[in-house]
Amino acid sequence: MIDLHGYGPRLLEGAGVTLQLALLSLLLAVVLGLITAVAKMSRSWIAHRTATLYTTVIRGVPDLVLMMLLFFGGQIGVNMITDWLYYQFDIDIFININEFVAGVVTIGLIFGAYMGETFRGAFMAVDNGQIEAGKAYGMSSSLVFRRIRFPQMMRHALPGLSNNWMVLLKTTALVSVIGLADMVRVASEASKATREPFLFMMVVALIYLLIASVSEWLFARLQKRYSIGYGEED
Amino acid sequence: MESLLTWLENQLADNSIFTLQTLSHYADGLTTTVQLVFLSLIIGLIAAVPLAIGRGSRHAWIKWPIFAYTYVFRGTPLLIQLYLIYYGVVFVDGIQESWLWVILEDPFIPALIAFTLNTAAYTTEIFRGAIKSTSKGEIEAARAYGMSPGLTMRRIIIPSAFRRALPAYGNEVIFMLHASAIASVVTIMDLTGAARFVYARYYAPFEAFLFVAAIYLCLTFAILYFFRHLEKKLLAHLQPQTG
């Protein structure tokens with residue numbers, strides 16, 4: 001067995017942090033992505049422009065810079081708002097922007113922009129006749145969205161979603177830079193302490209590959225489920 | 001030039017953060033970022049062409065090692081690769097006393113190696129896809145003309161694959177520019193490094209990071225514009241014909 005110099009449990013804990021961070025960011029990204037996609041397809045000029053500005057700016061700036069802006073600047077910004085609330089309305093709240101929150105918000109924001117593009121393409125791929133049929137049955141537009149557009153959109157969105165998830169998973173490594181004890185942070189501390197960088201980095205790389213492989217398998221199953229009735233070609 | 005500098009100095013006199021000194025930090029950072037990204041992209045591109053051809057080889061002993069390389073480097077975070085090479089080099093026994101240390105002491109070289117290996121892996125897969133999607137008819141036509149496989153590769157497959165790979169490669173260039181921000185983690189004074197320095201010195205996160213974000217945004221747009229222009233020129237024959 002390989003000797004992890006007693007860092008094994010901490011590495012495992014770090015892997016847990018990475019996974020939590022990735023899943024929460026994914027959730028935020030999917031929600032933001034759906035909102036962005038709907039806004040981009042909307043006839044409202046303001047919604048369309050806002051969504052375009054959001055995706056353009058986010059995709060033009062490095063993730064690390066955004067993360068630092070949010071982590072170092074976020075607390076100052078939030079404090080300014082809470083201070084103002086306190087002096088104006090006597091509402092005393094304290095919001096702490098820790099590394100985890102900053103990580104989730106940044107990664108969610110970044111991938112929300114990418115997901116927006118994925119979802120928009122997928123929504124456009126849903127046959128218009130389907131939506132018309134739903135309306136002809138007397139469904140409200142929210143019901144059409146829930147029962148017809150969303151499930152059929154997912155079939156087209158899944159390949160892009162899977163790609164985004166793989167990139168998102170790797171992006172979580174950046175939170176180690178702002179100080180969150182994810183597995184990369186633990187491994188880099190262990191490398192410095194034991195002078196065995198190869199060992200620890202390889203272990204972390206293997207965990208990343210393992211998570212990626214498991215998610216690939218999960219996505220393949222999801223794809224199968226959402227392709228029911230479309231034959232085997234996808 | 002002299003009058004421009006005095007004008008700039010007067011403009012900057014009003015604020016305490018964007019002095020000529022910090023601006024020159026940003027300028028140095030910009031140079032470092034551009035050098036790092038440009039060099040790794042060029043070396044990665046040169047390495048990717050034979051790797052992509054080898055990736056489609058019929059021989060398992062050529063194909064599988066290349067596949068393993070691209071799988072690992074595309075499947076793990078660049079930060080891990082950077083740490084592995086950076087710390088890996090630092091902790092090799094006796095390296096700090098050897099002549100190699102003169103080159104390796106500067107974190108620029110380990111970062112360049114990590115970035116090059118990473119972009120080469122992605123570029124290999126991009127080319128691989130483009131080579132694979134070459135239409136059969138083109139290859140058959142080349143064979144019918146009596147071209148050898150090597151000549152077919154050089155004259156038919158590679159040139160058309162290059163063009164088809166262009167949009168995806170443009171994305172890779174932007175990805176690399178953004179990924180290069182992590183160079184600041186191993187104490188390189190790139191653009192992000194300059195922003196971190198300014199932040200630490202003045203405790204002004206908004207000024208420091210928003211300014212650098214704007215520079216990255218401009219660079220991204222410049223790359224986008226360049227590739228769009230290149231695509232228009234090189235992929236003109238694939239555009240729908242008008243008139």
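In this text the structure is predicted, and so the values were computed from the model without any measurement. (Residues numbered from 1 in each chain as written. Chains lettered and ligands numbered in written order. Predicted model: local features only at pLDDT ≥ 70, side-chain atom pairs only at ≥ 80, totals over all residues.)

## A word on the environment of A:Glu216
For A:Glu216, the location among the structural elements is in helix H8 (residues 197–226). Taking the C-alpha atoms as reference points, A:Glu216 and A:Val167, separated by 49 residues in sequence, lie 12 Å from one another. (Helix = DSSP H or I, 4+ residues; strand = E, 2+ residues; numbered from the N terminus.)

## Brief notes about the UniProt feature "domain: ABC transmembrane type-1" (unreviewed entry) in chain B
The UniProt record marks residues 30–227 of chain B with the feature "domain: ABC transmembrane type-1" (unreviewed entry), using the residue numbering of this structure. End-to-end, the C-alpha atoms of residues 30–227 of chain B are 21 Å apart, and along that stretch the chain is 80% helix and 0% strand. (UniProt positions renumbered as here; feature names shortened; annotations may be inferred.)

## Let's talk about the UniProt feature "domain: ABC transmembrane type-1" (unreviewed entry) in chain A
According to UniProt, the positions carrying the feature "domain: ABC transmembrane type-1" (unreviewed entry) are residues 15–219 of chain A. Helix and strand shares over residues 15–219 of chain A are 84% and 0% respectively, and the end C-alpha atoms of the span are 21 Å apart.

## Some words on the nonpolar core
Grouped together as the largest cluster of nonpolar side chains are 109 residues, with contacts concentrated most on A:Val65 and A:Val204. Ignoring sequence-local partners within four residues, the contact set of A:Val65 consists of B:Ala181, B:Thr192, B:Ala195, B:Phe209, B:Val212, B:Ala213 and B:Tyr216. (Core = buried A, V, L, I, M, F, W, Y, C linked by C-beta atoms within 7 Å. Buried ≥ 20, exposed ≤ 12 C-beta atoms within 10 Å, placed from the backbone. Contact = placed C-beta atoms within 7 Å.)

## Comments concerning the interface of chain B and chain A
On the side of chain A, 28 residues touch chain B, which itself brings 28 residues to the contact. Secondary-structure elements contributing two or more residues to the side of chain B that touches chain A are helix H3 (60–75), helix H4 (78–90), helix H9 (191–202) and helix H10 (205–234) of chain B. Looking at the side of chain B that touches chain A, the element that brings in the most residues is H10(B), giving 10 residues. Counted by class, the side of chain B that touches chain A contains 22 nonpolar, 6 polar and no charged residues. (Nonpolar A, V, L, I, M, F, W, Y, C, P; charged D, E, K, R; others polar.)

## So, the packing of H4(B) against helix H6 (residues 108–132) of chain B
In a packed pair of helices, the relevant descriptors are the angle between the two axes and the axis-to-axis distance. Residue and element names in this part refer to chain B. Contact geometry of H4 with H6 gives a least axis separation of 9 Å together with a crossing angle of 140 degrees. The angle between the axes of H4 and H6 places the two elements in the oblique class. Crossing hand, H4 versus H6: right-handed. In this structure, H4 contributes Leu 78, Gln 81, Leu 82, Ile 85, Tyr 86 and Val 89 to the contact, and H6 contributes Pro 110, Ala 111, Ile 113, Ala 114, Leu 117 and Asn 118. A class-by-class count of the residues in the contact of H4 with H6 yields 10 nonpolar, 2 polar and no charged. (Axes fitted to C-alpha atoms, helices over the stretch in contact; angles between N-to-C directions. Parallel < 35°, antiparallel > 145°, perpendicular 65-115°, else oblique. Left-handed = near helix turned anticlockwise from the far one by under 90°.)

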